[in-house]
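Overview (structure and organization)
Spelled out from the first residue to the last, the chains are:
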Amino acid sequence: MKTNQFKIFFTALFVLPLLGFAVVKTSAVRAVHALDDDPVAVYKTKCAMCHKPDASKFFDPAKTDEELVEIVLNGKKGEKPPYMPGFSAKGMTEEQATALVEHMKTLQPADDTDTNANTSY
């Protein structure tokens, strides 16, 4: 009987710390994936679906660069969904946002008399 108690005791002595270590080691870690530094690639993968390939929808080039960078980083709630998400939480830096805004301005058509009619942010 004492032999079984020793086996249980020593098994618990070694197994419980290993289980505790496994639980601590596998705790959830929130990872932030840094965005690509190429503004063209970022625009194509993250922005073009809402703003169109020529940035003619929901983009107001008349706003200052600082305002546009602020919107890219922190998002903006428009009149109705889809709302502009903030990309700073997704790893975008101010420099990347500035490069993205500059790229979007180059996509604007030369004659934008009617293309920004859908601008909401």
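Data block above holds the structure.
Residues numbered from 1 in each chain as written. Predicted model: local features only at pLDDT ≥ 70, side-chain atom pairs only at ≥ 80, totals over all residues. Heavy atoms only, no water.

Here's the deal with the overall build of the protein
- Scanning the protein from N- to C-terminus turns up four helices and zero strands.
- The order of helices and strands in the protein, counted from the N terminus, is α-α-α-α.
- When each of the 121 residues of the protein is scored for burial, the buried share is 25%.
- Here the analysis covers contacts within the protein between residues at least 6 apart in sequence; of these, 66% occur between residues at least 24 apart.
- A total accessible area of about 8700 Å² is found for the protein, and carbon and sulfur atoms account for 61% of it. (Helix = DSSP H or I, 4+ residues; strand = E, 2+ residues; numbered from the N terminus. Buried < 20%, exposed > 50% of the residue type's maximum accessible area, 1.4 Å probe, protein only. Contact = heavy atoms within 4.5 Å. Areas by Shrake-Rupley, 256 points an atom, 1.4 Å probe, with all protein chains shown as cover.)

Some thoughts on the nonpolar core
- In terms of nonpolar packing, the biggest core is built from 18 residues, with Tyr43, Val72, Met92, Ala97, Leu100 and Met104 touching the most fellow members.
- Elements that contribute at least two residues to this core include exactly α2 (39–51), α3 (65–74) and α4 (94–107).
- With residues up to four places along the chain from it excluded, the contact list for Met104 reads Tyr43, His51, Ala55 and Phe59. (Core = buried A, V, L, I, M, F, W, Y, C linked by side-chain atoms within 4.5 Å.)

Quick notes on α2
- Here α2 spans only 14 Å end to end across 13 residues, well under the 18 Å set by a 1.5 Å rise per residue.
- Taken as a whole, α2 carries its principal kink of about 50° at Thr45.
- Within α2, burial applies to Val42, Tyr43, Cys47, Ala48 and His51.
- Remark: Lys52 follows α2 within two positions and exhibits a positive phi of approximately 70°. (Expected span 1.5 Å × (residues − 1). Bend = angle between axes of the 7 residues up to and from the residue.)

Thoughts on the packing of aromatic side chains
- Going through the model one piece at a time under the given rule, you end up with zero aromatic pairs.
- One residue, Lys90, lies across the ring of Phe87, its end atom 4.9 Å from the ring centre. (Phe/Tyr/Trp six-rings, centres within 6.5 Å; stacked < 30°, edge-to-face > 60°. Lys NZ or Arg CZ within 6 Å of the ring centre and 35° of its normal.)

Quick look at the side chain of His103
- Here His103 is to be found in helix α4.
- With sequence-adjacent residues up to four places away left out, His103 is seen in contact with Pro39, Val40 and Tyr43.

Section: the pattern of salt bridges
- Within this structure, the stated rule accounts for one salt bridge.
- With a closest N to O distance of 2.5 Å, Asp65 and Lys105 form a salt bridge. Of the two residues, Asp65 sits in helix α3 while Lys105 sits in helix α4, which places them 40 residues apart along the sequence. (Salt bridge = Lys/Arg side-chain N within 4 Å of Asp/Glu carboxyl O.)

Some words on unusual backbone geometry
- Pro82 follows Pro81 through a cis peptide bond whose omega is 5°.
- Structurally, Pro82 is set in the loop between α3 and α4.
- Within the chain, Lys52 stands out as a residue other than glycine whose phi angle is a positive 70°.
- One can find Lys52 in the loop between α2 and α3.
- Although it is not a glycine, Phe58 sits at a positive phi angle of roughly 60°.
- Tracing the backbone shows Phe58 in the loop between α2 and α3.

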